[in-house]
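The lines below spell out each chain.
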Amino acid sequence: MLRYLARRLGQALLVVAGVVVLTFTVMRLVPGDPAVAFAGPKATPEELDAARERFGLDDPLPVQLVAYVRDLVTGDWGVSLHTRQPVRDDLYLAFPASLELVGAALLIAVVVGIPIGVLAARYKTKFPDFGVRFGSMLAVSVPVFWLALALQLLLAGRLDWFPVAGEYDSSLDTTSPLTLWTNITVVDALITGNWPILTSTLHHLVLPALVVAAYPTGVIAQMTRATLIEESGQDHARLERALGFGETSILTKFALRPALSPVLALIALVFAYSIVNGFLVEAIFNWPGLGSYAAEAIRSRDTPAIAGVTLLVALVYVLANLVVDVLQGFLDPRARTR
Amino acid sequence: MRWHKRLLVAGLTGVLAMTAAACAGGQVRGAGGTPQPADGTGPAARQTAKANDSTFVYAPNLDVVTDWDPATSYSNEIVALSNIYEGLTRYNFQTREAEPRLATEWTSADGGKEWTFKLRQGVKFHSGATMDAAAAKKAIERTIRKKGGAAYIWDPVDRIEAVDATTLKFTLKRAAPLDLVASSGYAAYIYDVDAVDADGKTTAGTGPYTIDSWQKGKETELTLKAFEDYWGGWTPEQYRKVSFRVTPEITTAWQLLQKGEVNFVQRLNPQLFEQAGMTDNVRTARSPSFQNLLVLFNTAAGPTKDVRIRQALQLAIDYDGLAAALKGSGSKASGMVPEGLLGHVSDMEPKPDLGRAQELLAEAGYGPDNPELRLSLTYAQGDEDQKMLVTLLSSALKKLNITLQAKPMTWSAQWDQGKQQGQDIFVMYWYPDYPDAYSWFLNVFKSEDEPRFNLSYLKDREIDAAIEKLPELMATDALKADDAFKDLQKKIIEEQAAVAVPYVQTYQRALTADVKGYVDNPAYPNVVFFYDLQRAR
């Protein structure tokens, strides 16, 4: 297990190194002087020189790359051009909110996606199967920004069931200030027993989480259905049938476990994907996560912030895959030899 | 162990790890403000934050504060800081003059090289210290020393003296309209230098509001509260609390406004703005800004070196068509100086004339029956209004046998290329840092050996001499200054044809109808002076 873990970790590090080099190259390939972006549109020549010196922009590119890697490793992710704060601090503030949103969305996706996938597999080619396939196809293909705007307009604007935007009612900061531990509002409110903020956050979370959950729910349902159908055609399923087990029992007791292995890998992938997919949703619902930060970084051509977000998302992808690899090795020992 | 038990163990381990991490330490969100004991379980606390009787909610589309230092601040925070800090004067765009703020009166002598400001008495800083001439001198000197943001506006200052507690005297190296400089939205704040806090936990101004809480990155990023000792006093109708709810999406801002959750949206798109105008409980306000678009022609090299081609290009722009296509986000310009500034000319609206343009091109050896003319143009990437101009201009020029090779670029790339004289036409916005038309002439049209913002590369001694005389005229004789600005615009736009000015950007605001007293002052972009507002009963 340790060798397996070390091998996977080595591969992950290689991927991260590749992303770092690629991010740096793209940052430098963008036309224009990065000093101008930092010093402002009306910068004087002296201010431009100072910015160039501060960020080592006059050094040869390989020297700049080494300095960039050194800074990243020591925790210096650069200074954002639009917030003027260290990128690492900005990400530290924004990432937990994204994690909260995507976590809630994935919870919905798993809780809904797997059972309806089982349902579709159980009633293959029958009405429930068609319903699930149609629904999941729709969930996967509908543009996320459209869904966000439509739900916001209908459920918040017209019906007034949910708040239009925000993470929680900001007046609670005065009446029930939240003590931060993890920076994830729901978790902190739960740990500290801050029920007003917890209920307000959950109420605000419903709409954006539903929107972000659409894609993962669709793919998880489809993948569960497909792998279950495949598993239920295996030899062991025939034996189980011969032993008198019903179709539902075969699916849930015997086929679901091996079928979950690829679903688990998929969950890791859609988790990382949803972080990025949620960017637009965050912007529409004023969710104070990476999306709003990334959108503003892109709008203001803030290359250090864009690079920071890119690197963080890459790390999330790599880490999510690593966790799945380890979990798969844990659940299914055959995976360790692959 | 069965597989689902293993999963359970893994899950429990994760929860334990998270709890252990959580026990490492905690801090109260919004600390630095005025959190009160937890007691928010009542129905009122659970309701969504509504713009209520005491809180004015502003919905900006960008971060509210990027720099808390009143000396170096030069960005979005102008909206908040203009309500926390005050300058010696404030610009009135209707009278086109500076008006008293911390200074109650002022005089200039020695041809605009000596300025004496009489300061308001009984003004306190938020720190509790008294605002007097010594404190004001220290603040301006610190701003000059820090050399950040727009500190250059004080460049003409040679010496500052606190003659007595209420008299502040400036001696300048060269004549300048210091009353206008002192009204700038940037770098002109008077603050308690000993109380400046870069982390935004406290404020050091004299303005009507002080900080309540600042939560970087959060939706409600900033909350301001009334400064009880404000020299202007308070009335029951005024808003004593202000919060900023960052709302990047226009459609979301519009929904929040309709529901009354925010009171002010700084921009809407033309469609929503029109809808807002027809919605109950919402009112709209449209006003011209001090930012206009400059289409700068290369006067130094290439085909546009020929003044006839530059004039033809000016005549090819469909100014009215463009203004109509902008659907209210811009209005047709008249001259180079926007309305509301000294030097604005009301009878210089450009008119397109393709026939005359064709004649001029023919004289220069181009046009429909002559060889094709190719011109390169650079403009701001992502700016839909500029893109509209380029589209209309390209199609008009096609008829004149001119092919426009237009390239959208980031500002840094466009500016880099511009400094190398790498294009025939350079499109950019210009705005002054303090309300003075001099900014356009000094920066964009005065000769430069190495171009910085003179991106038409104009070199004209007569124009240079006229520009050099402007500060003294501004400081001593407003009428003569007004005439000088008009003459210069005629020379630069009509005689030299170095630039075309198609439109001035227009602000399109939307407010809840219960807000009274809102006036959009273009000298302070996007600023709402909350103290001037009243809530209707």
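As recorded in an unreviewed UniProt entry, chain B goes by the name ABC transporter substrate-binding protein, listed as coming from Nonomuraea longispora.

Looking at an unreviewed UniProt entry, one finds chain A named ABC transporter permease and attributed to Nonomuraea longispora. Under the Subcellular location (unreviewed entry) heading, UniProt states for chain A: "Cell membrane".

Peer 1: Just to check I follow, could you spell out the overall build of chain A for this structure?
Peer 2: Of the regular secondary structure elements, chain A holds 14 helices and one strand. Overall, chain A is about 85 × 55 × 40 Å in size when its C-alpha atoms are taken along their principal axes. Evaluated residue by residue, chain A yields a buried proportion of 50% over its 338 residues. Here the analysis covers contacts within chain A between residues at least 6 apart in sequence; of these, 74% occur between residues at least 24 apart. Carbon and sulfur atoms form 70% of the exposed surface of chain A, whose accessible area is close to 15700 Å². Seen as two clouds, the 25 positive and the 28 negative side-chain charges of chain A have centres 14 Å apart.

Peer 1: Looking at this structure, I do not really get the pairing of strand β16 (residues 402-409) of chain B. What am I missing?
Peer 2: Note on strand geometry: in a regular strand, side chains alternate between the two faces of the sheet. All names here are of chain B. By the bridge criterion, eight bridges tie strand β15 (residues 373-380) to β16 in an arrangement that is parallel. In the strand pairing of β16, Thr378 is matched with Lys407. Handedness of the β-α-β unit built from β15, helix α11 (residues 384-398) and β16 comes out right-handed.

Peer 1: Looking at this model, I keep getting lost on helix α4 (residues 61-73) of chain A. Mind explaining?
Peer 2: Residues spaced three or four apart along an α-helix point in a common direction, a consequence of the helix completing one turn every 3.6 residues. Residue and element names in this part refer to chain A. In a regular helix each residue adds 1.5 Å, so 13 residues correspond to 18 Å; α4 covers 18 Å between its end C-alpha atoms and thus fits that length. Restricting attention to buried positions, one finds in α4 the residues Gln64, Tyr68 and Leu72. One side of α4 holds all its buried residues, which, seen down the axis, span an arc of 70°. α4 presents Pro62, Val66, Arg70 and Val73 as exposed residues on the side facing more than 90 degrees away from its buried surface. Count one or two residues on from α4 and you reach Gly75, which has phi positive near 95°.

Peer 1: Just checking my understanding: could you explain the pattern of salt bridges for this structure?
Peer 2: Two side chains of opposite charge can pair, provided their charged atoms sit close to one another. Considering all chains together, one arrives at 29 salt bridges over all chains under this definition. A salt bridge links Lys218 of chain B to Glu167 of chain A; the nearest nitrogen and oxygen atoms lie 3.2 Å apart. Here Lys218 of chain B is found in the loop between β9 (209-214) and β10 (220-226), whereas its partner Glu167 of chain A is found in the loop between α7 (144-158) and α8 (172-175) on a different chain. What makes Glu167 of chain A buried here is its relative accessible area of 3%. For the salt bridge of Asp320 of chain B with Lys332 of chain B, the shortest nitrogen-to-oxygen distance reads 3.2 Å. Here the residue Asp320 of chain B occupies a position in helix α9 (residues 319-325), and Lys332 of chain B occupies one in strand β14 (residues 330-332), the gap between them amounting to 12 residues. Relative accessible area serves as the criterion here: at 45%, Asp320 of chain B is assigned to the partly exposed category. One network of salt bridges, in which partners are shared, links Asp129, Arg133 and Arg225 of chain A.

Peer 1: Any chance you could explain the domain arrangement of chain B here in plain terms?
Peer 2: The extent of an interface is frequently quoted as the accessible surface area lost upon association of the parts. Residue and element names in this part refer to chain B. The domain architecture assigned to chain B consists of domain 1 (86-182), domain 2 (209-281 + 513-535) and domain 3 (288-506). For domain 2 versus domain 3, the separation of C-alpha centres amounts to 35 Å. Contact with domain 2, which involves four residues of that partner, is made by six residues of domain 3. For the pair domain 2 and domain 3, the summed buried surface comes to about 380 Å²; carbon and sulfur atoms form 71% of the total. Broken down residue by residue, the surface that domain 2 buries against domain 3 is led by Pro270, Pro522 and Ala523, which jointly contribute 85%. At the boundary of domain 2 with domain 3, the tally comes to zero salt bridges. Counting every contact that joins domain 2 to domain 3 gives zero residue pairs in polar contact (both at pLDDT 80 or more). Here the residues of the side of domain 2 that touches domain 3 sort into three nonpolar, one polar and no charged.

Definitions and cut-offs
Starting afresh in each chain, residues are numbered from 1 along the sequence in its written order. Both sets of labels track the order of writing: A upward for chains, 1 upward for ligands. Totals for whole chains, interfaces and linings use all residues, but because this is a predicted model, local features are given only for residues with pLDDT of at least 70 and pairs of side-chain atoms are given and counted only at 80 or more. Only hydrogens and water are removed before side-chain values are computed, so all heavy atoms of the structure are retained for them. UniProt positions are given in the numbering used here, feature names are shortened, and annotations may be inferred rather than shown by experiment. Helix and strand assignments come from DSSP, with helices taken as H or I runs of at least 4 residues and strands as E runs of at least 2, each series counted from the N terminus. Whether a residue is buried, partly exposed or exposed follows from its accessible area with a 1.4 Å probe, protein chains only, as a fraction of its type maximum: under 20%, in between, or over 50%, in that order. In this description, contact between two residues means that some pair of their heavy atoms is separated by no more than 4.5 Å. Residue-level accessible areas treat just the shown protein chains as cover; the underlying method is Shrake-Rupley with a 1.4 Å probe. When charges are tallied, Lys and Arg are placed among the positive residues and Asp and Glu among the negative ones, while His and the ends of the chain are skipped. Charge positions are represented by NZ for Lys, CZ for Arg, CG for Asp and CD for Glu. In this analysis, strands are considered paired if DSSP registers two or more bridges between them. When the strands point away from the viewer and the connection leading from the first strand across the helix to the second strand turns clockwise, the crossover is called right-handed. A helix's residues, less one, multiplied by 1.5 Å, set its expected span. Throughout, the arc means the angular range of directions from the helix axis out to the C-beta atoms. Salt bridge, as used here: a side-chain nitrogen of Lys or Arg that lies within 4 Å of a carboxyl oxygen of Asp or Glu. Reported domain spans reflect what an automatic or database domain assignment gives. Two parts placed together each lose some accessible area under a 1.4 Å probe, and adding up what both lose gives the buried area. Polar contact criterion, stated in full: a pair of N or O atoms within 3.5 Å, where within protein one must be able to donate a hydrogen and the other to accept it, and residues adjacent in sequence count only if both atoms are side-chain atoms. All amino acids are sorted into three groups, where Ala, Val, Leu, Ile, Met, Phe, Trp, Tyr, Cys and Pro are nonpolar, Asp, Glu, Lys and Arg are charged, and the leftover types, Gly among them, are polar.

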